[in-house]
Amino acid sequence: MTGRPSNHIPPELLLEASVERLKDKPLKRLFEQDAKRHQRFSFDACGLHLDYSKNRIDDETMSALHHWLRSCDFERYQQHFLQGEVVNHTEQRAAAHFALRSLSRQSCLVNGKDVMPRVREQLARMGGLVDSVRSGEWRGYTGRPIRQIVNIGIGGSGLGPKMATEALSPYHAEQLIAHYVSNVDASEMHQVLRQCEPETTLFVICSKSFVTKETLTNALIARRWFFAAGGNTAVLHRHFVAVTSNRPEANRFGIHPDQQYEMWDWVGGRFSLWSSIGLSTALMIGMERFHELLRGAESMDRHFATAPQERNMPVVLALLSAWYSRYWQAQSHAVLPYDHYLRFLPEHLQQLDMESCGKSVDREGEPVEQDTGSILWGTAGTDGQHTYFQLLHQGTRLVPADFILIKESHNPYGDNQLWLVASAIAQMEGLMRGKTGKEAAIELSDKGLSDERVEALLPYCTFEGNRPSNALVMERLTPTTLGALLALYEHKTFVQSVLWNINPFDQWGVEYGKQLARTIVDEAECDDAAERAEHDASTQSLIDRLLK
Ligand code: F6P
């Protein structure tokens, strides 16, 4: 252990030196030379265990990485963020999603105002609806209880609750089934409606802005379907509720004011599953479990706010990602949950991380000088091992990976869980240690292959190894551990943004796409050639071919 680096050596010099030092020291050797490596590079927080020892790091690297973060004025940014100040400067907003789960605190300031009374009030209102639907007291227009919940919303208004609802499937009320519709492709809605009965379906329209095209178009399909089946405006309130910060538009749609749940401008879409946007999740798991989810996240918030940098899980994960991105030119990062219920986690994290960190201009409006935001991807369970893991093991690209491992399954059939977890551990081991030519030659000879054949196959059967991974381990997937895990990735995203000096809370790129689509739809619907915008020949040809 070399202690803290001298503050007057720029961290990038120390980190470049680390790359030079570690280039020829494979992880396997680092483990062989240091019996305590695993012990030093692993710790627990909030029901999660992080083992980051299989990374291309040593003590000096970690010190230099922490030095890098300090040099970015991390503490100040973290204070601003946690004190509910305006950290999203381009939209002049705070990003205080943590307030939604600050339930053990008396007060929580956002823009200088205590938001907890309103947060608690919304939770209580949600609780009223949730209890009444789950108990069967809430009746549809023909007097039958609700059986299907259809969440209509996109991005953070769809993906977050869908991921959390699926993750907590073992806690669902048996009589209810949840569906999620997000895409403007009507086939998605069509498939869902086929499984629903108008008399027993509750639509939860989630849209902070209530102007998102996909959501409103799908909500209109749902309303027409409901009317066609005998429903009418007088009973709409029994089947349509909304979560929004745009009450006038929700009113215009016909949502009863009492059935509008609040969403605040200080919560970004991708951070909103803790708010009323989580209504469909709460309907499925009940309010008690929803509170456990919030408590799990709150414990991670506390950890993030108080743990020393060196033992701060979001900080460590962020530093490692940024380390590979900037100093090892890693383009992407895999998230590999070995649990079926977490299968939508990679998608959720794609939005969280890539919408937040996919920026090329820094906080001062200047072009960034380093790569930001890695390409995040992954799938659940062993399926990936039979597809893209080949590239992870033997491809030319470096892909750091987070393996998420859960000890106990909710469905302990036979030895499935043993195989599931053993497979993940084996993959991490294989990626790290590789297989030497000598080991491969022995294996091939043992199979009875001739020396000539062994020699010919050797280049293909040798594994370089030295491929990094993190293990994130929990005993069991519960609302509490899920809450902690999701908050962990939220804070990791924030820390990365500090390292890259970018605003993680806006998404102008997404807004641009929406604006262009609007123009093209308007043109397609208008016969007047003079009203057409100028397009390049390729775009115009696609419009003519597909939309005329
Ligand atoms: O994807 C961009 C975005 O603005 C997200 O931030 C948001 O979660 C999503 O669109 C949906 O927006 P809204 O909740 O306003 O419908």
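Rules used throughout
- Within any chain, residue numbers begin from 1 and follow the written order of that chain's sequence.
- The model is predicted, so local features are restricted to residues of pLDDT at least 70 and side-chain atom pairs to those at 80 or more, both for listing and for counting; the totals for chains, interfaces and linings are taken over all residues.
- Hydrogens and water molecules were not included; the side-chain quantities draw on all heavy atoms of the structure.
- Side-chain rings of Phe, Tyr and Trp (the six-membered ring for Trp) are treated as a pair once their centres are within 6.5 Å; stacked means planes under 30 degrees apart, edge-to-face means over 60, and tilted covers the remaining angles.
- Strands are runs of DSSP state E lasting at least 2 residues, helices are runs of H or I lasting at least 4, and numbering of each runs from the N terminus.
- Under the scheme applied here, a residue whose accessible area is under 20% of the maximum for its type counts as buried, over 50% as exposed, and between as partly exposed, the area being computed with a 1.4 Å probe on protein chains only.
- We call a charge positioned above a ring when the Lys NZ or Arg CZ atom is no farther than 6 Å from the ring centre and deviates by at most 35 degrees from the ring normal.
- Note on contacts: a residue pair qualifies if any of its non-hydrogen atoms lie within 4.5 Å across the two residues.
- Throughout this document, a residue counts as near a molecule or strand when at least one of its heavy atoms sits within 4 Å of that molecule or strand.
- Polar contacts here mean pairs of N or O atoms no more than 3.5 Å apart (in protein, one a potential hydrogen donor and the other a potential acceptor; neighbouring residues in sequence count only if both atoms are side-chain atoms).
- Accessible areas in this description were obtained via Shrake-Rupley with a 1.4 Å probe; residue shielding takes into account the shown protein chains only.
- Each residue receives one of three labels: charged for Asp, Glu, Lys and Arg, nonpolar for Ala, Val, Leu, Ile, Met, Phe, Trp, Tyr, Cys and Pro, and polar for the others, Gly being one of them.
- DSSP-based pairing: two strands are paired if at least 2 bridges between them are found.
- Axes here mean lines fitted to C-alpha atoms, for a helix over just the part in contact, with angles spanning 0 to 180 degrees between N-to-C directions.
- Exposure above 30% relative accessible area and the lack of any salt bridge qualify a residue for a patch; like charges then connect within 9 Å, and the nonpolar side chains Val, Leu, Ile, Met, Phe, Trp and Tyr within 5 Å.
- The term salt bridge refers to a side-chain nitrogen of Lys or Arg lying within 4 Å of a carboxyl oxygen of Asp or Glu.
- Residue ranges assigned to the domains are those given by an automatic or database domain assignment.
- Each of two parts loses accessible area, computed with a 1.4 Å probe, when they are put together; buried area is these two losses added.

A. Structural detail: the packing of aromatic side chains. Going through the model one piece at a time under the given rule, you end up with 24 aromatic pairs. For the ring pair F494 and F505, a centre distance of 6.3 Å and an interplane angle of 20 degrees mean the geometry is stacked. One end of the pair, F494, is in helix α19 (residues 479-500); the other, F505, is in the loop between α19 and α20 (508-525), with 11 residues separating them in the sequence. Among the residues examined, F494 registers a relative accessible area of 4% and is labelled buried. Pairwise contacts between aromatic rings join Y141, F203, F210, W225, F226, F227, F240 and F253 into one cluster. Taking the ring centre of F41 as reference, the NZ or CZ of R40 above it sits at 5.1 Å.

B. Focus on the side chain of Q370. Mapped onto the secondary structure, Q370 falls in the loop between α14 (345-357) and β13 (375-377). Residue contacts for Q370: discarding those within four places in its chain leaves W68, R326, L499 and W500.

C. Quick look at the site of the ligand. Taken together, 14 residues lie around the ligand, and S157, S207, K208, S209 and T212 are the ones closest in. At 2.6 Å, a side-chain N or O of S209 approaches an oxygen atom of the ligand. Residue K514 places a side-chain N or O atom 3.4 Å away from an oxygen atom belonging to the ligand. Burial of the ligand by the surrounding chains reaches 89%, relative to a free accessible area of 390 Å². Where the shell around the ligand is concerned, the elements lending two or more residues are α14 and α20. The element that contributes the greatest number of residues to the shell around the ligand is α20, accounting for three residues. Here the shell around the ligand is composed, by residue class, of two nonpolar, eight polar and four charged.

D. Looking closely at the sheet that holds β13. What the six strands build is an open sheet, ordered β1-β2-β15-β14-β12-β13; its pairing is mixed. Taken across any chain shown, the strands that pair with only one partner, and hence form the sheet edges, are β1 (42-45) and β13. Each adjacent strand pair in this sheet contributes to an overall mean axis angle of 15 degrees, direction not counted. Relative to strand β2 (residues 48-51), β1 is paired through four bridges, and the arrangement is antiparallel.

E. Representation of the pairing of β2 within the structure. Counting the residues in the hairpin turn of β1 and β2 gives two residues, including C46, whose phi is positive at 50 degrees. Relative to strand β15 (residues 469-474), β2 runs antiparallel, the two sharing three bridges. Looking across to β15, one finds that D51 is bridged to A471.

F. Just a nonpolar patch on the surface, in detail. Taken together, the side chains of L542, L546 and L547 make up a nonpolar region of the molecular surface, amounting to roughly 300 Å² of accessible area. Position of L547 among the secondary structure elements: in helix α21 (residues 537-547). Take L547: its relative accessible area is 44%, and that puts it in the partly exposed class.

G. Examining the pattern of salt bridges more closely. Throughout the structure, instances matching the rule amount to 25 salt bridges. Across the salt bridge formed by D34 and R40, the nearest N and O atoms sit 2.7 Å from each other. Under the relative-accessibility criterion, R40 is labelled partly exposed at 25%. Taking the shortest distance from any N to any O, the salt bridge between D59 and R40 comes out at 3.0 Å. Residue D59 is located in helix α4 (residues 59-71), and its partner R40 is located in helix α3 (residues 37-40); the two are separated by 19 residues in the primary sequence. A residue is classified by how much of its surface remains accessible, and D59, at 15% relative accessible area, is buried. Overlapping salt bridges bring together R21, D58 and E60 as one network.

H. Layout of the domain arrangement of the chain. What the domain assignment reports for the chain is domain 1 (11-71 + 307-433 + 468-500), domain 2 (98-292) and domain 3 (508-547). Relative to domain 2, the C-alpha centre of domain 1 lies at a distance of 33 Å. Contact residues are listed per partner, giving 22 residues for domain 1 and 20 residues for domain 2. At the boundary of domain 1 with domain 2, total buried surface from both sides reaches about 2,000 Å², with 65% on carbon and sulfur atoms. With a closest N to O distance of 3.0 Å, R343 and E166 form a salt bridge. Scanning the region where domain 1 abuts domain 2 turns up seven residue pairs in polar contact (both at pLDDT 80 or more).

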